[in-house]
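Observations on the three-dimensional arrangement
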Amino acid sequence: MNLPIIFSIDDDPQVLRSISRDLKIKYSKEYKILSTSSAQEALDMLTELKNSADVVALFLCDQRMPEMEGVEFLEKAMLIYPDAKRVLLTAYSDTEAAIKAINEVKLDYYLIKPWDPPEDKLYPVINDLLDDWQSDYIPEFKGIRVVGFQFSPLSHVVKDYLASNLIPYRWMDIQTNPDAANLLSINKLTNDDLPMLLLDDGTFLTKPSIKEIAAKIGKNPEIVHDMYDVVIIGAGPAGLAAAVYGASEGLKTLMIERKAPGGQAGTSSRIENYLGFPSGLSGADLTRRAISQAVRLGAGFLSPQSVSDIKQKDGYKTIVLEDGPEIISRSVIITTGVDYRKLEVKGVAELTGAGIYYGAATTEAAACRDKNVYIIGGGNSAGQAAMYLSKFACNVHIVIRKDDLTSTMSSYLIDQIGHTPNIHVLGNTEVIEAKGDGCLEKLVLINVKTKETREEEASALYIFIGAKPYTDWLKLDILKDEKGFIETGRELRNYENFKKTWKLKRDPFLLETSCAGIFAAGDVRSGAMNRVASAVGEGSMAISFVHKYLAEV
Ligand SMILES: Cc1cc2nc3c(=O)[nH]c(=O)nc-3n(C[C@H](O)[C@H](O)[C@H](O)COP(=O)(O)OP(=O)(O)OC[C@H]3O[C@@H](n4cnc5c(N)ncnc54)[C@H](O)[C@@H]3O)c2cc1C
């Protein structure tokens with residue numbers, strides 16, 4: 001945390017020098033002493049200081065200055081730092097102006113020059129004012145701040161990117177936080193420029209893409225090898241496990257991720273069934289441990305970057321990025337997992353990111369405080385989200401088509417939900433419309449048995465209605481099942497086209513796709529178990545098949 005600032009402004013260099021000297025002697029351990037001879041320069045500096053979350057505790061400003069009078073300067077400075085204490089330096093003849101300023105700029109004190117000796121005339125006054133300021137002072141958050149509208153899809157994307165990459169930030173809602181409006185106006189921006197992302201060096205981005213954010217915060221790693229032994233596409237549990245084993249077993253390993261490490265598991269508020277964690281662990285915690293382990297062992301990590309295709313030539317694989325150079329590898333593991341299935345209901349597409357979210361229970365939970373929220377889905381992910389949101393919302397309603405949760409959710413979660421009075425399960429119910437002007441306000445529900453409809457106030461809707469595999473990007477002829485999941489191993493023999501593409505004498509390895517040297521692991525694979533542990537198991541197994549494959553080429 002930076003020291004709070006005492007800022008003095010006087011156009012007379014001699015006076016400025018002596019005030020700076022006296023302030024430094026007494027206060028430089030606890031305060032940063034800044035001074036300038038130009039009021040305009042001081043105002044420019046204040047904007048930079050505000051952007052970098054520095055705090056001014058006290059202004060000491062001369063009344064008679066050529067650019068503007070001290071009172072006018074204090075009036076402008078007040079808009080940026082309303083809580084700073086204000087002292088006017090005056091000559092005897094200016095006392096009338098100073099007295100007037102007591103009301104105009106809520107002046108705390110006027111000090112008649114000269115103030116010798118400072119022990120008698122300066123320090124007692126300043127001490128008193130600083131004590132008073134300290135008693136109300138709450139240190140500013142030092143780090144990334146995001147200014148935006150709560151119900152803006154663009155703001156949600158920025159918050160979600162930072163949260164899923166485990167980057168701490170402070171959210172500043174333009175509609176409820178006066179400091180947010182202040183930051184906007186001192187930088188001469190308007191609501192159209194939001195979201196605004198401020199870094200602690202005082203620089204900022206407006207309406208940033210996640211690539212721009214990554215570049216700004218130094219998360220743009222480089223491709224260091226001309227050729228990799230294995231490239232892993234997707235950094236969910238399967239990809240992370242493959243990266244840990246690949247790197248630890250001496251393979252030149254690169255993992256590419258379109259958004260943030262952790263995948264679906266990274267969005268989970270509490271994973272209770274992962275081996276070795278008896279009281280459960282959050283997806284964020286698991287991700288933090290896994291990504292640091294993979295990188296420490298030497299795996300490269302390229303993110304945010306989407307793979308848009310894989311090409312094969314002479315046994316080498318070329319990984320084509322959405323934007324960026326092509327990467328050559330001897331083998332590939334596809335661990336792209338699954339994407340949330342979209343709810344095709346009137347109003348949902350328009351309000352997605354503005355009160356309606358897919359799997360964003362942890363990112364937007366704080367905004368649900370004391371509100372009524374709805375969840376669609378009866379699986380474990382919906383159950384975990386309900387438990388997490390129940391700590392914030394006044395009521396959490398789980399909407400399911402079936403009578404109850406018994407056939408779709410684990411019994412430990414059903415028990416927890418049963419013991420949480422503010423979670424309500426709405427059986428035999430569907431959402432048929434979402435309504436709202438700019439953000440979600442109401443949901444229309446139907447009882448699927450009686451066909452009765454009703455409208456309910458809703459501040460948020462979280463959708464967990466299953467998933468489809470992330471395989472649309474693959475143009476290479478890799479065999480997939482009828483739902484788009486990648487087929488591997490012995491099952492491939494059941495496909496008519498298999499013989500056309502597979503030209504080796506041996507059968508494909510257990511996790512190998514119809515293209516030799518390209519493997520699939522985790523939820524993206526046909527027949528996957530959809531568990532963190534099985535994805536981790538498959539990711540690590542895939543590396544042993546990579547070794548076998550590399551030994552034969
Ligand atoms: C909310 C929630 C809670 C869950 N809770 C549990 C639990 O308690 N216990 C349990 O065992 N399981 C749980 N699961 C299931 C578990 O998280 C998944 O089975 C597991 O994450 C699958 O891992 P994966 O690596 O195969 O795929 P994913 O986790 O889906 O990861 C795939 C990754 O690939 C990336 N990707 C996709 N396409 C591309 C591309 N073209 N280029 C680059 N990157 C790409 C994605 O962004 C993603 O990060 C939960 C799932 C959810 C959604």
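Since this is a predicted model, take the numbers as computed values, not measurements.

With respect to the site of the ligand
Inspection of the region around the ligand gives 35 residues, with Glu-257, Gln-264, Asn-273, Gln-384 and Asp-523 positioned closest. Arg-531 places a polar main-chain atom, nitrogen or oxygen, 3.2 Å from an oxygen atom of the ligand. In isolation the ligand offers 1,000 Å² of accessible surface; the protein chains occlude 94% of this area. Elements with a contribution of two residues or more to the shell around the ligand: α10 (237-248), α11 (263-266), β16 (338-340), α14 (380-389) and α17 (532-552). Broken down by element, the residue count for the shell around the ligand peaks at 3 residues, all from α11.

Considering unusual backbone geometry
A cis amide bond links Lys-113 to the next residue, Pro-114, at an omega of -10 degrees. Mapping Pro-114 onto the fold places it in the loop between β5 (109-112) and α5 (118-121). Backbone torsion omega between Leu-194 and Pro-195 reads 5 degrees, so that peptide bond is classified as cis. In this structure, Pro-195 sits in the loop between α8 (178-186) and β8 (196-198). In this structure, Lys-207 takes a positive phi of about 45 degrees despite not being glycine. For Lys-207, a relative accessible area of 45% gives the class partly exposed. The phi torsion at Asp-314 lies on the positive side, around 50 degrees, for a residue other than glycine. Along the chain, the position of Asp-314 falls in the loop between β13 (307-313) and β14 (316-321).

So, the environment of Thr-287
Position of Thr-287 among the secondary structure elements: in helix α12 (residues 283-296). Beyond its immediate chain neighbours, meaning those up to four positions away, Thr-287 contacts Pro-261, Gly-262 and Gly-266.

Quick word on the pairing of strand β24 (residues 460-463)
Along β24, one buried face is formed by Ala-460 and Tyr-462 and the opposite face, lined by Leu-461 and Ile-463, is buried too. Of the pairings in the sheet, the one linking strand β17 (residues 356-358) to β24 comprises 3 bridges and is parallel in character. Across the sheet, Tyr-357 pairs through a bridge with Tyr-462, a residue of β24. As paired elements, strand β18 (residues 372-376) and β24 share 4 bridges and run parallel to each other. Residue pairing across strands places Ile-375 opposite Tyr-462, the latter belonging to β24.

Details of the pattern of salt bridges
Per the counting criterion, the structure on display carries 25 salt bridges. Notably, a salt bridge pairs Lys-468 with Asp-472, separated by 3.7 Å at the nearest N-O pair. A residue is classified by how much of its surface remains accessible, and Lys-468, at 32% relative accessible area, is partly exposed. What makes Asp-472 exposed here is its relative accessible area of 66%. The structure contains a network of salt bridges with shared partners spanning Asp-10, Asp-62 and Lys-113.

Brief notes about α8
One turn of the α-helix equals 3.6 residues, which is why residues spaced by three or four share an orientation. When we look at burial in α8, the residues that qualify are Ala-180, Asn-182, Leu-183, Leu-184 and Ile-186. On its buried side, α8 packs onto α2 (39-51), α3 (70-80), β6 (144-148), β7 (169-173) and β8. For α8, the N-terminal cap is Asn-177; the gap from its side-chain oxygen to the backbone nitrogen of Asp-179 is 2.9 Å. One or two steps after α8, the chain reaches Lys-188, where phi turns positive at roughly 55 degrees.

Some remarks on the UniProt feature "domain: Response regulatory" (unreviewed entry) in the chain
The sites that carry the UniProt feature "domain: Response regulatory" (unreviewed entry) are, in the present numbering, residues 5-128. Taken end to end, residues 5-128 is 48% helix and 22% strand, and its first and last C-alpha atoms sit 16 Å apart.

Describing the packing of α10 against α17
Contact geometry of α10 with α17 gives a least axis separation of 7 Å together with a crossing angle of 35 degrees. α10 and α17 meet at a crossing whose hand is right-handed. Facing Pro-237, Ala-238, Ala-241, Ala-242, Tyr-245 and Gly-246 of α10, the residues of α17 in contact are Val-532, Ala-535, Val-536, Gly-539, Ser-540 and Ile-543. Taken together, the residues that form the contact of α10 with α17 break down as 9 nonpolar, 3 polar and no charged.

A word on the UniProt feature "modified residue: 4-aspartylphosphate" (unreviewed entry) in the chain
UniProt records the feature "modified residue: 4-aspartylphosphate" (unreviewed entry) for Asp-62 in the present numbering. Mapped onto the secondary structure, Asp-62 falls in strand β3 (residues 56-62). Taking relative accessible area as the criterion, Asp-62 reaches 5% and is therefore assigned buried. Apart from the residues within four sequence positions on either side, Asp-62 is in contact with Ile-9, Asp-10, Asp-11, Gly-70, Leu-88, Leu-89 and Lys-113.

Looking at the nonpolar core
Counting 33 residues, the largest nonpolar core has Val-230, Ile-232, Met-255, Ile-333, Phe-519 and Val-546 as its most contacted members. When residues of this core are traced back to their parent elements, those giving at least two are β10 (227-233), α10, α12 and α17. Looking at which element gives the most residues to this core, the answer is α17, with 7 residues. Aside from chain neighbours lying at most four places away, what touches Met-255 is Ile-232, Gly-234, Ala-235, Gly-239, Leu-240, Ala-243, Ile-291, Gly-300, Phe-301 and Leu-302. Judged by nonpolar contacts, the second largest core, of 28 residues, contains Ala-39, Tyr-81, Ala-98 and Ala-101.

Here's the deal with the domain arrangement of the chain
Annotation of the chain at the domain level lists domain 1 (5-136), domain 2 (144-217), domain 3 (228-336 + 468-552) and domain 4 (356-465). In this structure, domain 3 and domain 4 have C-alpha centres spaced 33 Å apart. Taken residue by residue, the interface counts 6 residues in domain 3 and 6 residues in domain 4. Summed over both sides, the interface between domain 3 and domain 4 buries roughly 520 Å², with carbon and sulfur atoms accounting for 41% of that surface. Among the residues of domain 3 in contact with domain 4, Thr-267, Ser-269 and Glu-272 are the three that bury the most area, contributing 71% of the side total. At the surface where domain 3 touches domain 4, the tally comes to 0 salt bridges. Taken together, the links from domain 3 to domain 4 amount to 4 residue pairs in polar contact (both at pLDDT 80 or more). Split by residue class, the side of domain 3 that touches domain 4 holds 1 nonpolar, 3 polar and 2 charged.

Cut-offs and rules
- Residues numbered from 1 in each chain as written.
- Predicted model: local features only at pLDDT ≥ 70, side-chain atom pairs only at ≥ 80, totals over all residues.
- Heavy atoms only, no water.
- Near = heavy atom within 4 Å.
- Polar contact = N/O pair within 3.5 Å; in protein donor to acceptor, adjacent residues only side chain to side chain.
- Areas by Shrake-Rupley, 256 points an atom, 1.4 Å probe, with all protein chains shown as cover.
- Helix = DSSP H or I, 4+ residues; strand = E, 2+ residues; numbered from the N terminus.
- Buried < 20%, exposed > 50% of the residue type's maximum accessible area, 1.4 Å probe, protein only.
- Contact = heavy atoms within 4.5 Å.
- Pairing = 2+ DSSP bridges.
- Salt bridge = Lys/Arg side-chain N within 4 Å of Asp/Glu carboxyl O.
- UniProt positions renumbered as here; feature names shortened; annotations may be inferred.
- Axes fitted to C-alpha atoms, helices over the stretch in contact; angles between N-to-C directions.
- Left-handed = near helix turned anticlockwise from the far one by under 90°.
- Nonpolar A, V, L, I, M, F, W, Y, C, P; charged D, E, K, R; others polar.
- Core = buried A, V, L, I, M, F, W, Y, C linked by side-chain atoms within 4.5 Å.
- Domains from an automatic or database assignment.
- Buried area = accessible area lost by both parts, 1.4 Å probe.

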